[in-house]
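In case you want the letters, here they are:
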Amino acid sequence: MNIIIKEIDNEEKIGKNTGNTYRPYNIKTFSQTENKDVWVYGFPISFSNTWSIGDTIDVDIEKTEKGYRWKQNDNTKPSPDKKLETLKRIE
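Starting from 1, residues in each chain are numbered consecutively following that chain's sequence as written. Predicted model: local features are reported for residues with pLDDT of at least 70 only, side-chain atom pairs are reported and counted for 80 or more only, and whole-chain, interface and lining totals are derived from all residues. With hydrogens and water excluded, all non-hydrogen atoms of the structure serve as input to the side-chain values.

1. What about the overall build of the chain?
Each helix corresponds to a stretch of at least 4 residues labelled H or I by DSSP, and each strand to a stretch of at least 2 residues labelled E; elements are numbered beginning at the N terminus. The secondary structure content of the chain amounts to 1 helix and 9 strands. In the chain, the order of α-helices and β-strands from amino to carboxyl end is β-β-β-β-β-β-β-β-β-α. The principal-axis extent of the C-alpha atoms belonging to the chain is close to 55 × 35 × 25 Å. Counting over 91 residues, the chain shows a buried share of 30%. Note on exposure labels: buried denotes an accessible area under 20% of the residue type's maximum, exposed denotes more than 50%, and partly exposed covers the range between, all computed with a 1.4 Å probe on protein chains only.

2. What about the packing of aromatic side chains?
The description of an aromatic ring pair rests on the distance of the ring centres and on the angle between the ring planes. Two rings from Phe, Tyr or Trp (for Trp, the six-membered ring) form a pair when their centres sit within 6.5 Å of each other. Planes less than 30 degrees apart are called stacked, planes more than 60 degrees apart edge-to-face, and all others tilted. Counted by the stated rule, this structure contains 5 aromatic pairs. Both rings, one in Y22 and one in F43, keep their centres 6.2 Å apart while their planes meet at 55 degrees; by these two values the pair is tilted. Linking Y22 in strand β4 (residues 21-22) with F43 in the loop between β6 (36-41) and β7 (56-58), this pair joins segments that are 21 residues apart in sequence. Residue classification places Y22 among the partly exposed positions, given a relative accessible area of 36%. Of the residues examined, F43 reaches a relative accessible area of 43% and is grouped as partly exposed. Pairing W51 with W70 gives two aromatic rings, centres 5.4 Å apart and planes at 65 degrees, and the pair type is edge-to-face. Of this pair, W51 sits in the loop between β6 and β7 while W70 sits in strand β9 (residues 67-71), placing them 19 residues apart in sequence. For W51, a relative accessible area of 4% puts it in the buried group. What links up through ring pairs into an aromatic cluster is the set Y25, F47, W51 and W70.

Keep in mind that these numbers describe shape and distance, not what the molecule does.
Written out as structure tokens, the structure reads:
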């Protein structure tokens, strides 16, 4: 499913039960089924640090007890390097 990133939250958190630190990768996007913005939680993958606000990404979304969760699928890719694209257009 293609989603557009409206906001990203990847700040370090502390687990309530364990006290261990972890870094989720939560994405805010518009849900057509709920007709509003929703947060989709997940954890970083090797290239999620290339994603930024406004990017369209292809991920699987599943509904859980805690809300919606995103998961990598075969079509999930890093975002193109914006600086490189700008240089190509200048040339």
